[in-house]
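Here is what each chain is made of, one letter per residue.
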Amino acid sequence: MPTYETLPRFATDLDRLTPEQRRKFRQTVAAFVEDLRAGGRFRAGLRRAAASLAPGPGGAAVEG
């Protein structure tokens, strides 16, 4: 039984990925799940510094 719900926006965004982007996404999800099951910290490639999410230069702007 799934423990998540796929929203239409996610499905649309996923459909727009190139095959290479989709492959990388699935690899990242697999690594994420593996790290969750291990119970430790997430590997460095999955972690983001809090400052990188701030708006402005070098940060990710969140669009509604």
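In this text the structure is predicted, and so the values were computed from the model without any measurement.

Here we look at the overall build of the chain
The helix and strand inventory of the chain stands at 2 helices and 0 strands. Out of the 64 residues belonging to the chain, those deemed buried represent 6%. Total accessible area on the chain stands at roughly 5,900 Å², and carbon and sulfur atoms take up 58% of it.

Things to note about the packing of helix α1 (residues 8-16) against helix α2 (residues 19-38)
With their axes 8 Å apart at the nearest point, α1 and α2 run at an angle of 125° to one another. Of the possible angle classes, the one that applies to α1 and α2 is oblique. On the side of α1, the interface is formed by F10, L14, D15 and R16, while α2 contributes Q21, R22, F25 and R26. Residues that form the contact of α1 with α2 fall into these classes: 3 nonpolar, 1 polar and 4 charged.

Regarding α2
Between the first and last C-alpha of α2 there are 29 Å, a value that for 20 residues agrees with the 28 Å anticipated at 1.5 Å per step. Immediately downstream of α2, the backbone of G39 shows phi near 80°, a positive value.

As for the side chain of D35
Secondary-structure assignment places D35 in helix α2. The exposure class assigned to D35 is buried, which follows from its relative accessible area of 9%.

Some words on the packing of aromatic side chains
To describe a pair of aromatic rings, one takes the distance between the centres and the angle between the planes. Taken as a whole and assessed by the stated rule, the structure comprises 2 aromatic pairs. Here F10 and F25 contribute two aromatic rings whose centre-to-centre distance is 5.9 Å and whose plane-to-plane angle is 50°, an arrangement assigned as tilted. Residue F10 is found in helix α1, and its partner F25 is found in helix α2; the two are separated by 15 residues along the sequence. Judged by relative accessible area, which is 29%, F25 ranks as partly exposed. Judged by centre distance (5.1 Å) and plane angle (5°), the ring pair of F32 and F42 falls under stacked. Of the two residues, F32 is situated in helix α2 and F42 in the segment after α2; the sequence distance between them amounts to 10 residues. Judged by relative accessible area, which is 37%, F32 ranks as partly exposed.

What counts and what doesn't
- Position numbers for residues start from 1 in each chain and track the written sequence from start to end.
- Two thresholds apply to this predicted model, a pLDDT of at least 70 for residue-level local features and 80 or more for giving and counting side-chain atom pairs, whereas whole-chain, interface and lining totals are computed over all residues.
- The side-chain quantities take in all heavy atoms of the structure and omit both hydrogens and water.
- Strands are runs of DSSP state E lasting at least 2 residues, helices are runs of H or I lasting at least 4, and numbering of each runs from the N terminus.
- The cut-offs for exposure are 20% and 50% of the maximum accessible area for each residue type, with area from a 1.4 Å probe on protein chains only; residues under the lower value are buried, those over the upper are exposed, and the others partly exposed.
- Under the convention used here, a 1.4 Å probe and the Shrake-Rupley method define accessible areas, while residue burial counts only the protein chains that appear.
- Note on method: axes are straight lines fitted to C-alpha atoms, helices fitted across the in-contact stretch only, with angles between N-to-C directions ranging 0 to 180 degrees.
- By definition in this entry, angles of less than 35 degrees are roughly parallel, angles greater than 145 are roughly antiparallel, angles of 65 to 115 are roughly perpendicular, and the rest are oblique.
- Whether two residues touch is decided by their heavy atoms; if any such pair falls within 4.5 Å, the residues are in contact.
- Polar here means any residue outside two lists: the nonpolar Ala, Val, Leu, Ile, Met, Phe, Trp, Tyr, Cys and Pro, and the charged Asp, Glu, Lys and Arg; Gly therefore counts as polar.
- Here, expected helix span is obtained from the residue count minus one, scaled by 1.5 Å.
- In this analysis, rings of Phe, Tyr and Trp, with Trp reduced to its six-membered ring, are considered paired at centre separations within 6.5 Å, and the interplanar angle assigns stacked below 30 degrees, edge-to-face beyond 60, and tilted for intermediate values.

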